[in-house]
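So the chains spell out like this:
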Amino acid sequence: MTEYTPPKVWTWNKPSGGAFASINRPISGPTHDKELPVGKHPLQLYSLATPNGVKVTIMLEELLALGHSGAEYDAWLIRINDGDQFGSGFVGVNPNSKIPALMDRSGKQPIRVFESGSILLHLAEKFGEFLPTEQPARAETLSWLFWQMGSAPYLGGGFGHFYAYAPEKIEYAIDRFAMEVKRQMDVLDRRLAESEYLGGADYTIADMAVWPWYGGLAKSRMYNDSGEFLSVQEYKHVQRWADAIDARPAVRRGRMVNRAFGEPAMQLHERHDASDFETKTQDKLAAE
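Going by the annotation in an unreviewed UniProt entry, the name recorded for the chain is Putative glutathione S-transferase, with Mesorhizobium metallidurans STM 2683 given as the source organism.

Structure follows, in structure tokens:
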């Protein structure tokens, strides 16, 4: 590999290469005019079933399972590989052009909420669920929620990118981020050795935030054979926790929403009603 010497001033003069080269650019803002659809429910979600998107659909399905009818939502598919996140309507909801993005239309004035952690916090406070009100449990839950925000870029943009998506395998980069991800898994394993869930005895938005990333890694669902590469079976307490969350019916439904890849029976491209899980998955649509 030819050694790279950075120029004094970086310029964007060629594609970056790798799986997401077509949508990477060093500027923000919309690339085209496109209004977002609006459905009949109070909450309008624009997303894709990546780990960040799954956090929010799990939360919404958990709220509905508790009987919160105000959590009914329309979930619209944003195909990030096609650049949907750069449409003018989406940028109006999230100027950072990342999924998920939420419009809360339940009040007199619509509220935009972007960044997955912010959406989880907004919904938890709105419905009074999955976030303790008493200390120290509240602080513990929020600490793990924000731990995920700071840690997952090392798993996704760091390890995942260089291990699975980069145009060439760079030993230094893979080793650097594999080491950090294993350290993070050890952090989780030690916490879960002493606590049933991350925030304490109860299942909270901290678990909903961390599970799609680190639970997915523990169950070998991410980045090809990365589970074997990182010896994820060693993290016994993370495995116990991941299995417990896996078994929740609302989590299974949340994983299906806005999913446009994988097994057709697990793909519900759009969700507008609870019955869609039985009638609108890709296997059912194909059979029609």
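> Tell me about the sheet that holds strand β2 (residues 73-77), residues and numbers included.
Here four strands make up an open sheet; going across it, the order is β2-β1-β3-β4 and the pairing mixed. Where the open sheet ends on each side, the last strands, each with one partner, are β2 and β4 (111-114). In this sheet, adjacent strand axes meet at a mean angle of 20° when their direction is disregarded. As defined by bridge partners, strand β3 (residues 101-104) adjoins β4 across four bridges and the pair is classed as antiparallel. Each bridged residue has a counterpart across the sheet, and for L102 the counterpart in β4 is V113.

> I'd love a proper account of the packing of aromatic side chains, names of residues and values included.
In total, this model carries eleven aromatic pairs according to the counting rule given. Judged by centre distance (5.0 Å) and plane angle (15°), the ring pair of F159 and Y163 falls under stacked. On the criterion of helical spacing, the pair formed by F159 and Y163 is a turn pair, its members being four residues apart in helix α4 (residues 137-165). Y163 matches F159 in its accessibility class, with the two residues each being buried. When the centroid spacing of 6.3 Å and the interplanar angle of 75° are considered together, the rings of F159 and Y223 count as edge-to-face. Remark: Y223 occurs in the loop between α6 (205-218) and α7 (226-229) and F159 occurs in helix α4; sequence separation between them is 64 residues. A single burial state applies to F159 and to Y223, both of which are buried. Aromatic rings pair up to connect F159, Y163, Y165, Y223 and F229 into one cluster. Across from the ring centre of Y163, 5.6 Å away, lies the NZ or CZ of K169, which sits over that ring. Above the ring of F177, the side-chain terminus of R176 is found at 5.5 Å from the ring centroid.

> With reference to specific residues and values, describe the pattern of salt bridges.
Note on pairing: side chains with opposite charge can pair once their charged atoms come close. Throughout the structure, instances matching the rule amount to 14 salt bridges. A salt bridge links R248 to E62; the nearest nitrogen and oxygen atoms lie 2.7 Å apart. Within this pair, whereas R248 is found in the loop between α8 (236-246) and α9 (249-256), its partner E62 is found in helix α1 (residues 51-65), the two being separated by 186 residues in sequence. Note on E62: relative accessible area 4%, which makes it buried. K280 is paired through a salt bridge with D276; the nearest N and O atoms lie 3.7 Å apart. Several salt bridges share partner residues, and in doing so they unite E61, E72, R253 and R271 into one network.

Conventions and cut-offs
- Residues numbered from 1 in each chain as written.
- Predicted model: local features only at pLDDT ≥ 70, side-chain atom pairs only at ≥ 80, totals over all residues.
- Heavy atoms only, no water.
- Pairing = 2+ DSSP bridges.
- Helix = DSSP H or I, 4+ residues; strand = E, 2+ residues; numbered from the N terminus.
- Axes fitted to C-alpha atoms, helices over the stretch in contact; angles between N-to-C directions.
- Phe/Tyr/Trp six-rings, centres within 6.5 Å; stacked < 30°, edge-to-face > 60°.
- Buried < 20%, exposed > 50% of the residue type's maximum accessible area, 1.4 Å probe, protein only.
- Lys NZ or Arg CZ within 6 Å of the ring centre and 35° of its normal.
- Salt bridge = Lys/Arg side-chain N within 4 Å of Asp/Glu carboxyl O.

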